[in-house]
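# Inside the fold
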Amino acid sequence: MNDPALILIVEDNAGSLELATVALEFYGFAVVGAESAEEAQRVMRSRHPDLILMDIQLPGMDGLQLTRELKADPGTSGIPVIALTAHSMPLHERAARAAGCDGFISKPWTLEALNREVRSFLTGAQETPA
Ligand code: MN
């Protein structure tokens, strides 16, 4: 566990990435951003985030595929992944969970929902070391 906890935000919309970064830094987290799945993979060669906020709709590899790959790798499978998506139908949440996402937040998210969801997973991670 990094101190403060490090959150990787994967989001291709620069405005949304900035907003989520500012919000999570306000709540006391450290944040690193990536605007594509491929950039997230590069970041993770040198950083080990405590949690990942994963936009599902991304150019190139999408967030579901990146999540599948992370969950298939023993080095990263323990990192909680929270899906962020504008598609809030139960079908989309099921697809996210099937890919290995641990949590699901529909857009547009609120500061409170983001903070609450992130904290719920980080507490769990501390209580149950991978
Ligand atoms: Mn997107």
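Please read these numbers as outputs of a predicted model, since none were measured by experiment.

### Comments concerning the pattern of salt bridges
Scanning the model with the defined rule gives four salt bridges in all. One salt-bridge network, held together by shared partners, links Glu11, Asp55 and Lys107.

### Some words on the environment of aspartate 12
Along the chain, aspartate 12 falls in the loop between β1 (6–10) and α1 (14–26). Classification of aspartate 12 by relative accessible area gives partly exposed; the value is 32%. Between the alpha carbons of aspartate 12 and threonine 123 there is a distance of 28 Å; along the sequence they are 111 residues apart. For aspartate 12, the residues in contact, after removing those within four places along its chain, are Glu35, Asp55, Gln57, Leu58 and Pro59.

### Section: the packing of helix α3 (residues 63–72) against helix α4 (residues 90–99)
Helix-helix packing is described using two parameters, namely the angle between the two axes and the distance between the axes. Two elements in contact, α3 and α4, have axes whose closest approach is 8 Å; the angle formed by their N-to-C orientations is 30°. Between α3 and α4, the crossing angle belongs to the class labelled roughly parallel. Residues Leu64, Thr67, Arg68 and Lys71 of α3 touch α4, and the partners they reach there are Ala95, Ala96 and Ala99. Of the residues that constitute the contact of α3 with α4, the class distribution is four nonpolar, one polar and two charged.

### A look at the coordination of the manganese ion
Taken together, Asp12 (OD), Asp55 (OD) and Gln57 (O) make up the full set of protein donors to the manganese ion, lying 2.1 to 2.2 Å away. Here the donor residues of the manganese ion share one chain and are spaced in sequence as D-x42-D-x1-Q. Taken together, the residues aspartate 12 in the loop between β1 and α1 and aspartate 55 in strand β3 (residues 51–55) connect sequence positions 43 residues apart. With relative accessibility at 2%, the residue aspartate 55 sits in the buried group.

### Some remarks on the side chain of glutamate 11
In this structure, glutamate 11 sits in the loop between β1 and α1. A distance of 3.0 Å separates a polar atom in the side chain of glutamate 11 from a polar atom in the side chain of lysine 107. Excluding anything up to four places from it in sequence, glutamate 11 contacts Ser16, Leu17, Ala34, Glu35, Asp55, Leu58 and Lys107.

### As for the side chain of aspartate 55
At a separation of 3.2 Å, a polar atom in the side chain of aspartate 55 contacts the side chain of lysine 107. For aspartate 55, the contacting residues outside a window of four places in its chain are Val10, Glu11, Asp12, Gly63, Leu84 and Lys107.

### A look at the confidence of the model for the protein
The predicted model of the protein averages 91 in pLDDT, with 94% of residues at 70 or higher. Low pLDDT, under 50, characterises residues 125–130; the predicted model gives this stretch two contacts beyond four residues in sequence or across chains.

What counts, and at which threshold
- Residues numbered from 1 in each chain as written.
- Predicted model: local features only at pLDDT ≥ 70, side-chain atom pairs only at ≥ 80, totals over all residues.
- Heavy atoms only, no water.
- Salt bridge = Lys/Arg side-chain N within 4 Å of Asp/Glu carboxyl O.
- Helix = DSSP H or I, 4+ residues; strand = E, 2+ residues; numbered from the N terminus.
- Buried < 20%, exposed > 50% of the residue type's maximum accessible area, 1.4 Å probe, protein only.
- Contact = heavy atoms within 4.5 Å.
- Axes fitted to C-alpha atoms, helices over the stretch in contact; angles between N-to-C directions.
- Parallel < 35°, antiparallel > 145°, perpendicular 65-115°, else oblique.
- Nonpolar A, V, L, I, M, F, W, Y, C, P; charged D, E, K, R; others polar.
- Donors = N, O, S within 2.8 Å, 3.2 Å for Na, K, Ca; no water.
- Polar contact = N/O pair within 3.5 Å; in protein donor to acceptor, adjacent residues only side chain to side chain.
- pLDDT = per-residue confidence, 0-100.

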